[in-house]
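Geometric and topological summary
Spelled out, the chains give:
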Amino acid sequence: MLEVTGLRVAYGGIQAVRGINFHVNQGEMVALIGANGAGKTSTLKALARLLNAAGGSVRYCGKEILNLPPHQLVSAGIALVPEGRGVFPRMSIVENLQMGAYSRRDNDGIEADKEHVFSLFPRLKERAFQLAGTLSGGEQQMLAIGRALMSRPKLLLLDEPSMGLAPLMVQKIFEVICAVAKEGMTVLLIEQNAKLALEVSQRGYVMESGEITLTGESGALLEDPKVRAAYLGE
Amino acid sequence: MDIFIQQIINGLVLGSIYALVALGYTMVYGIMGLINFAHGEVVMIGAMVALSVVKALAASGLPVFAVILIALAAAALVCMAIGFSVERIAYRPLRRAHKLAPLITAIGISIILQHTAMLVWGRNYHAFPPILPASAHEIFGATITSLQVAIVLIAGLMMAGLMVLINHTRFGRAMRATSENPQIAQLMGVDINKIISATFVIGSALAAVAGLMVSANYSIAHYYMGFMLGLKAFTAAVLGGIGNIAGAVLGGILLGLIEALGAGYIGDLTGGFLGSHYQDIFAFFVLIGVLIFRPSGLIGERVSERA
Ligand SMILES: Nc1ncnc2c1ncn2[C@@H]1O[C@H](COP(=O)(O)OP(=O)(O)OP(=O)(O)O)[C@@H](O)[C@H]1O
Ligand SMILES: [Mg+2]
């Protein structure tokens, strides 16, 4: 479904992503793990067209997307939950969800999906008209995921959904991510929490200083001594 | 005649006009963090076009209402086209440039618009043809003309419409999303270039209405009128809290009242040393005062976190 080849991202002279290859198959959950500054977010931003890649190609459902304007990705079926959540702080929860459905015109479907998001995250329903900027970090993460689901994506890109959250909240969020994936959603999950990411995904890629250094079945990566030493603190 | 009530009425009329213009400044600032200093000139062009159309049709036998409507439509079309082009030519290419760059192109555009107007309409003052019924109403010992009533009502309606558009429609949500975080707005499928263009076009339409109102209310228009009017409206936007829609309305009305009351009493206050033609100084006292004591404006609320 997603085929990345030779992707490069540079900030001025600094090479943040140095020609990486990876792919995500339909219906799969794939983890991309790595330490701070490895280039994970840069990779995702290039996929989502929030910054221009310095080279390489990204094919989604067989079509090159690196030349699409960013606002057309969502109608193609790609939704991103950005690092740091990126909710609209001065809009209510409901309005944030409506923004998630901006590319759609089927009002009945939108309404139904809003109720679906509320059933996944009852906390959001209780606070439906509260400004997103006043939500806790965990609630904002729920909102960011809910908002992404509102576009009915085929491919969900998640950038560190566990960042800065208490263990209980992380568990709650990952339950929902797994549930969504079970329903058939294709997911690319970026995480620093390698253990968690490899436990929920089928395959994984390890990224270091802008390059992919290791790949394989998530179960195998969990057992890999290098991964255990570098990312699982053993 | 009661000076106080009279000046309150004059202030409300003036303030409604300032508010319409201030909305143009504040919408653009809200969405792209840029002060469109050419906006005052757009008001001037609106006034000139409207006045010219009224002049041309004054003797045509059309009903007054139709003449005004045609003048308004013409002014709005011209202003919307100018607003659209200004963004395309002067601001869009500079979106990633240093903040000072679009400020300089704004001044350049102002000069171009002013001088184009001078070439088209000349340096003279143009009188607004006296086609409007001069009916005046007595109220609490002061007088208010039908024109003044119409100005306040129409301005109020337009502002209410704008509020509904921004707060309760899909387009308005996209506008607010773009102003809060353009990158994320794009992720949601918002074509932010379209939203930015629309913002300029809407602001320019309001400017056209304001232009017609100013020229009709003061019965005069000239190519240089946009400068002072623009500065005043900008002051009003800053007073209310630039970027804040309700703030622009509040700031506009307040500034109108301050100016009108100031003009009404400045003679008494200074023992006749300064006359009412010094009314312009009040706007600048207000601007300096706001910048010193409350730079975020009266309604400077901002949920600052970009979580
Ligand atoms: N806007 C920028 N300008 C310059 N350098 C940048 C910019 N954004 C990221 N970088 C650099 O690119 C490299 C990769 O950053 P990136 O954010 O992609 O890492 P990451 O893997 O997402 O890290 P983290 O786990 O901390 O989120 C880093 O060295 C970072 O300093
Ligand atoms: Mg990151």
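Structure first, text after, so check above.
Residues numbered from 1 in each chain as written. Chains lettered and ligands numbered in written order. Predicted model: local features only at pLDDT ≥ 70, side-chain atom pairs only at ≥ 80, totals over all residues. Heavy atoms only, no water.

**Thoughts on the coordination of the magnesium ion (ligand 2)**
- Around the magnesium ion (ligand 2), the protein contributes the donor atoms Thr-41 of chain A (OG1) and Glu-83 of chain A (OE), at 1.8 to 2.2 Å from the metal centre. Of this pair, Thr-41 of chain A sits in helix 1 (residues 40-47) while Glu-83 of chain A sits in the loop between strand 6 (78-81) and helix 3 (93-100), and the two are 42 residues apart along the sequence. (Donors = N, O, S within 2.8 Å, 3.2 Å for Na, K, Ca; no water. Helix = DSSP H or I, 4+ residues; strand = E, 2+ residues; numbered from the N terminus.)

**Some thoughts on the site of ligand 1**
Residues and elements named next belong to chain A.
- Around ligand 1 lies a shell of 13 residues, among which Asn-36, Lys-40, Thr-41, Ser-42 and Glu-83 are the nearest.
- Within the contact set of ligand 1, an oxygen atom lies 3.2 Å away from a backbone nitrogen or oxygen of Ala-38.
- Take Thr-41: an N or O atom from its side chain is 2.6 Å from an oxygen atom of ligand 1.
- Protein chains shield 61% of the accessible area of ligand 1, which is 640 Å² for the free molecule.
- At three residues, the largest contribution of residues to the shell around ligand 1 is made by helix 1.
- Of the residues belonging to the shell around ligand 1, the class tally is four nonpolar, six polar and three charged. (Near = heavy atom within 4 Å. Polar contact = N/O pair within 3.5 Å; in protein donor to acceptor, adjacent residues only side chain to side chain. Areas by Shrake-Rupley, 256 points an atom, 1.4 Å probe, with all protein chains shown as cover. Nonpolar A, V, L, I, M, F, W, Y, C, P; charged D, E, K, R; others polar.)

**A few points about helix 6 (residues 137-149) of chain A**
Residues and elements named next belong to chain A.
- Across its 13 residues, helix 6 extends 18 Å between first and last C-alpha, which sits within 8% of the 18 Å expected from 1.5 Å per residue.
- The buried count for helix 6 comes to twelve of 13 residues, which makes it a mostly enclosed element.
- Taken together, the buried positions of helix 6 are occupied by Gly-138, Glu-139, Gln-140, Gln-141, Met-142, Leu-143, Ala-144, Ile-145, Gly-146, Arg-147, Ala-148 and Leu-149. (Expected span 1.5 Å × (residues − 1). Buried < 20%, exposed > 50% of the residue type's maximum accessible area, 1.4 Å probe, protein only.)

**Here's the deal with the interface of chain A and chain B**
- Across the boundary between the two partners, chain A contributes 26 residues, which contact 22 residues of chain B.
- Regarding the contact of chain A and chain B, the summed buried area is about 2500 Å², with carbon and sulfur atoms giving 58% of it.
- When the buried surface of chain A facing chain B is broken down by residue, His-71, Arg-90 and Tyr-102 of chain A rank first, second and third, together holding 30% of it.
- Scanning the region where chain A abuts chain B turns up one salt bridge.
- For Glu-95 of chain A, the salt bridge identified is with Arg-176 of chain B, shortest N-O distance 2.7 Å.
- At the level of elements, helix 3 and helix 6 of chain A are the ones that each hand at least two residues to the side of chain A that touches chain B.
- When residues in the side of chain A that touches chain B are grouped by element, the largest group, four residues, is from helix 3 of chain A.
- Class assignment of the residues belonging to the side of chain A that touches chain B gives a composition of 13 nonpolar, eight polar and five charged. (Contact = heavy atoms within 4.5 Å. Buried area = accessible area lost by both parts, 1.4 Å probe. Salt bridge = Lys/Arg side-chain N within 4 Å of Asp/Glu carboxyl O.)

**Focus: the nonpolar core**
- Counting 125 residues, the largest nonpolar core has Leu-2, Phe-22, Leu-47 and Leu-188 of chain A together with Tyr-91 of chain B as its most contacted members.
- Per element, the largest residue contribution to this core is 14 residues, and it comes from helix 1 (residues 3-32) of chain B.
- Those residues in contact with Phe-22 of chain A that sit more than four places away from it in its chain are Leu-2, Glu-3, Val-4, Thr-43, Leu-47, Leu-188, Tyr-205 and Ile-212 of chain A.
- Ala-31, Ala-132, Ile-145 and Leu-222 of chain A belong to the second largest nonpolar core, which has 52 residues in total. (Core = buried A, V, L, I, M, F, W, Y, C linked by side-chain atoms within 4.5 Å.)

**Here we look at the packing of helix 10 (residues 245-269) of chain B against helix 11 (residues 280-293) of chain B**
Residues and elements named next belong to chain B.
- Following both chains from N to C, one finds helix 10 and helix 11 inclined at 130 degrees, their axes separated by 8 Å at the closest point. In terms of orientation, helix 10 and helix 11 fall into the oblique class. The element helix 10 and its partner helix 11 pack so that their crossing is right-handed. For the pair helix 10 and helix 11, the contacting residues are Leu-255, Ile-258, Glu-259, Gly-262, Ala-263 and Ile-266 in the first and Ile-281, Phe-282, Ala-283 and Val-286 in the second.
- Looking at side-chain class alone, the contact of helix 10 with helix 11 contains eight nonpolar, one polar and one charged residues. (Axes fitted to C-alpha atoms, helices over the stretch in contact; angles between N-to-C directions. Parallel < 35°, antiparallel > 145°, perpendicular 65-115°, else oblique. Left-handed = near helix turned anticlockwise from the far one by under 90°.)

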